[in-house]
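Chain by chain, the residues:
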Amino acid sequence: MYLSTIDKPKTANWKGLSGNVFALGTVSLITDVSSEMVAAILPLYLVIGLQLSPAAYGLIDGVYTGATTLLRLAGGYLADRTNKRKAVAGFGYGISAVAKLGLLAAGNSLTALGFVITADRAGKGLRTAPRDALITLSTPRGDLGRAFGVHRAMDGIGAFAGPLVAMAVLAASAQSFDAVFVTSACIAAFGVLVLVLYVRDRPEPLARKEPLKLTLLKDPAVRRIVLAASLLGLVTIGDGFVYLLLQKREGLAFGWFPLLAVGTSLVYLLLAAPLGALADRIGRLKVMLAGYVALTVVYLLLHGPLGGWPLLVLVVLLYGVFYACTDGVLMALAGPVLPERLRTTGIALIQSGQALAYLGSSVLFGLAWQFWSPEAATRIAAVAVVCALIATAALLGRRP
């Protein structure tokens, strides 16, 4: 109902938020249905179906999220240089849609799977910073936490629905993974169409035409945010590892595995917007740090005394709280620090630091699991999160 108002992206539609925020949220919702259809079954398929070792899975998981660092920077810089954030984001969404079809041809080849996954994540790397920059440029400064919360809540609806759609497609197609991949590609293409029709760039032309320069890191506030984001990325392990550890410990049937992601997404969906608004009121740093406290508890619970359904429910609940407190809040925290003309580049720089650190985190966690034990790996991760929390509080607590 908000899409018809997008021609005026600065017009308030709901409590001060512009139609552009809701249009971008709709695109993310549709795209996340497509992405999570694949993501929900991929860990089980790789580790159980293809018998990958934890170290090998860690490498692929790191590539899935962290190997697009340069493309994030390139996408952010290109969007700022051309002032065409929508076009750059749309190109990224299109690459990911095509990559879903590439999964059909990959078969059991790890090399082909790695290539297709890299292409899919390349699309995400290109689109994320321009999309987040459009949100910040379409929202009053004081409402950024709520804007990102609403956007992430709509994104969460897609993340919640994606695994359910995948389960439905598998049930209707006699457990055919190809059917999931084709359906995912079609849904992703529909998301690109919505972006083309309804999302608008900022109408104002660039005031100056001189070449942009990567001078952001000369600003101490920007350096602190990039360093904090990188530290937090380094101590965050992938969802697949968390769900695989739960499945391994509790002996979950394979059919229940995608529901772990569904539960996490449901909690995220319910809390993203309220916690974004709370961050605007009490301070974004406080809310973000609280999310990482929840993550620490998740890691400790994975090999703690609690077991059975209480463990599953508590881990899923806290994991959803972690995402609701952190996903989008960091960008809202960074938005006011970044100059408007370099907003997309700055967001890309922060996300790239996180992504590159995440690549290292996944590889290191997989190696620790394989050569030590999953118990040792998760406890080390919990200690690392506490250390990163202290460092982040020291780095970002100095900002006015």
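Residues numbered from 1 in each chain as written. Predicted model: local features only at pLDDT ≥ 70, side-chain atom pairs only at ≥ 80, totals over all residues. Heavy atoms only, no water.

Identification of the protein as MFS transporter from Lentzea kristufekii is taken from an unreviewed UniProt entry. Comment text from UniProt for the protein, heading Subcellular location (unreviewed entry), reads "Cell membrane". (UniProt positions renumbered as here; feature names shortened; annotations may be inferred.)

Focus on the overall build of the protein
Per the secondary structure count, the protein includes 16 helices and two strands. Burial statistics for the protein: of 400 residues in total, 57% are counted as buried. Counting only contacts in the protein whose residues sit at least 6 apart along the sequence, the fraction spanning at least 24 positions is 83%. Per element, the accessible surface of the protein, about 16,000 Å² overall, is 70% carbon and sulfur. (Helix = DSSP H or I, 4+ residues; strand = E, 2+ residues; numbered from the N terminus. Buried < 20%, exposed > 50% of the residue type's maximum accessible area, 1.4 Å probe, protein only. Contact = heavy atoms within 4.5 Å. Areas by Shrake-Rupley, 256 points an atom, 1.4 Å probe, with all protein chains shown as cover.)

Digging into helix α8 (residues 177–198)
The terminal C-alpha atoms of α8, which comprises 22 residues, lie 32 Å apart, in line with the 32 Å expected from a rise of 1.5 Å per residue. Every buried residue of α8 is listed here: V180, F181, S184, A185, I187, A188, G191, V192, V194 and L195. Buried positions along α8 lie against α1 (19–39), α5 (85–106) and α7 (144–172). (Expected span 1.5 Å × (residues − 1).)

Remarks on the UniProt feature "transmembrane region" (unreviewed entry) in the protein
What UniProt calls "transmembrane region" (unreviewed entry) maps, in this numbering, to residues 156–174, 180–200, 221–246, 252–273, 285–302, 308–334, 355–372 and 378–397. Structurally, residues 156–174 is divided into 89% helix and 0% strand, and its ends, taken at the C-alpha atoms, are 28 Å apart. Spanning residues 180–200, this segment combines 90% helix with 0% strand, and its end C-alpha atoms are found 31 Å apart.

Structural notes on the side chain of T136
The residue T136 is located in helix α6 (residues 110–137) in this model. Separated by 2.8 Å, the side chain of T136 and the backbone oxygen of A133 make a polar contact. Each residue touching T136, except ones within four places of it in the same chain, is listed here: L144, F148, R343 and I347. (Polar contact = N/O pair within 3.5 Å; in protein donor to acceptor, adjacent residues only side chain to side chain.)

Topic: a nonpolar patch on the surface
Together, L234, L364, L367, F371, W372 and I380 make up a nonpolar patch on the protein surface, roughly 670 Å² of accessible area in all. In terms of residue count, helix α15 (residues 343–371) provides more of the nonpolar patch than any other element does, three residues in total. Along the chain, I380 falls in helix α16 (residues 374–396). (Patch = residues over 30% accessible without salt bridge, like charges linked within 9 Å, V, L, I, M, F, W, Y side chains within 5 Å. Salt bridge = Lys/Arg side-chain N within 4 Å of Asp/Glu carboxyl O.)

What about the pattern of salt bridges?
Enumeration according to the criterion identifies five salt bridges in this entry. The partner of D120 in a salt bridge is K100, and the shortest N-O contact between them spans 2.9 Å. Highlighted residues: D120 in helix α6 and K100 in helix α5, separated in sequence by 20 residues. Each member of the pair, D120 as well as K100, is classed as buried. Notably, a salt bridge pairs R131 with D132, separated by 3.0 Å at the nearest N-O pair. Take R131 and D132: they sit in the same class, and that class is buried.

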